[in-house]
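Structure assessment
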Amino acid sequence: MGVSQQYREAWEGYWAATSDEPGAAIWDSGPDLSAVPHSRLLLPYADATLPVVDLGCGNGTQTRHLATLFPRALGVDLSEAAIEHARKADPGETAGYERLDLADADAVRGLHERIGDTNVYMRAVIHQSDPEARPAVAAAVATLLGARGRAFVAELTPASKDVLQRASQGPDGPGPKLRRVFEHGLKPASATDEEVPQLLAAAGLTVLDSGDTVLPQTENLPDGTRIDLPARWFVLATAATG
């Protein structure tokens, strides 16, 4: 089925208007704050001989780190402009990148048929997806894992809305990076605390480990401190294998 045209165009517009400069997207923190600590949580449960797919890879910052840990790394994103950024930032082709709509079950199954069971990395995708697409995004994780893969999923909690509100209350309103998120109609932290675990369970995923964390951003609060958005992380397997 796929995502709505409005949602697709919002992300395409956002990434088309984003520069190639590292950190230009507010969530484009370095791997040392994202994929490095996240992979430490995933690897004790994962078969590191399998490939890894970075769902919602954006410009591929995290994908390129994951490529140093797994034999093959593939970044996928809804936005073709994001994929172009990722390829441009990776002239040595450390990883592969392709466009994929996670709400298109046929396309997700097609990817699984091509690469087999795979590990999955997904950072902050469900919470900003349209509500009607969220079950399909969770199901995409389960499809790609198959019997052998393991996933690391991190999602913003509703407490992030309070932090974003504080970030918007400076004398000039939101900083330029956060302002662009709102201007393109993107909706961070719109899932409830209960919704994400329920979606994962309904998709046939079982939680092997979980915890609270923050997702560091590349912009600061009015007082100069970094915007750190409250989140919850999950290490997942399909229910049949977990």
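Here, the structure is the one placed above.
Values in this document were obtained by computation on a predicted structure and should not be read as measured data.

Parameters and conventions
- Residues numbered from 1 in each chain as written.
- Predicted model: local features only at pLDDT ≥ 70, side-chain atom pairs only at ≥ 80, totals over all residues.
- Heavy atoms only, no water.
- Axes fitted to C-alpha atoms, helices over the stretch in contact; angles between N-to-C directions.
- Helix = DSSP H or I, 4+ residues; strand = E, 2+ residues; numbered from the N terminus.
- Parallel < 35°, antiparallel > 145°, perpendicular 65-115°, else oblique.
- Left-handed = near helix turned anticlockwise from the far one by under 90°.
- Contact = heavy atoms within 4.5 Å.
- Buried < 20%, exposed > 50% of the residue type's maximum accessible area, 1.4 Å probe, protein only.
- Pairing = 2+ DSSP bridges.
- Right-handed = clockwise from strand over helix to strand, strands pointing away.
- Polar contact = N/O pair within 3.5 Å; in protein donor to acceptor, adjacent residues only side chain to side chain.

**A closer look at the packing of helix 6 (residues 134-145) against helix 9 (residues 195-202)**
Two numbers describe a pair of packed helices, the interaxial angle and the distance between the axes. Between helix 6 and helix 9, the shortest axis-to-axis distance is 8 Å and the interhelical angle comes to 55°. Taken together, the axes of helix 6 and helix 9 lie oblique to each other. Considering only the axes of helix 6 and helix 9, their crossing is right-handed. Judged by residue contacts, Arg-134, Pro-135 and Ala-138 of helix 6 engage Glu-195, Leu-199 and Leu-200 from helix 9.

**Describing unusual backbone geometry**
A negative phi holds for most residues other than glycine; trans holds for most peptide bonds. The backbone phi angle of Glu-93 is positive, close to 55°, even though this residue is not glycine. Topologically, Glu-93 is positioned in the loop between helix 4 (80-88) and strand 3 (96-99).

**With respect to the pairing of strand 1 (residues 52-55)**
The alternating pattern of strand 1 places Val-52 and Asp-54 and Val-53 and Leu-55 on opposite faces, both of which are buried. Where strand 1 lies against strand 2 (residues 73-77), four bridges are found, and the strand directions are parallel. Residue pairing across strands places Val-52 opposite Ala-73, the latter belonging to strand 2. Assessed by its sense of winding, the connection that carries the chain from strand 1 through helix 3 (residues 61-66) to strand 2 is right-handed.

**Considerations on the environment of Ala-133**
Here Ala-133 shows up in the loop between strand 4 (119-123) and helix 6. Under the relative-accessibility criterion, Ala-133 is labelled buried at 9%. Sequence separation of Ala-133 and Pro-174 is 41 residues, and the distance between their C-alpha atoms is 28 Å.

**Things to note about the side chain of Gln-62**
In this structure, Gln-62 sits in helix 3. Given a relative accessible area of 4%, Gln-62 falls into the buried group. Among the polar contacts listed, one links the side chain of Gln-62 to the backbone oxygen of Ser-29, at a separation of 2.8 Å. Setting aside anything within four residues of it in sequence, one finds Gln-62 in contact with Ser-29, Gly-30, Pro-31, Ser-34, Ala-35, Asp-54, Tyr-121 and Arg-123.

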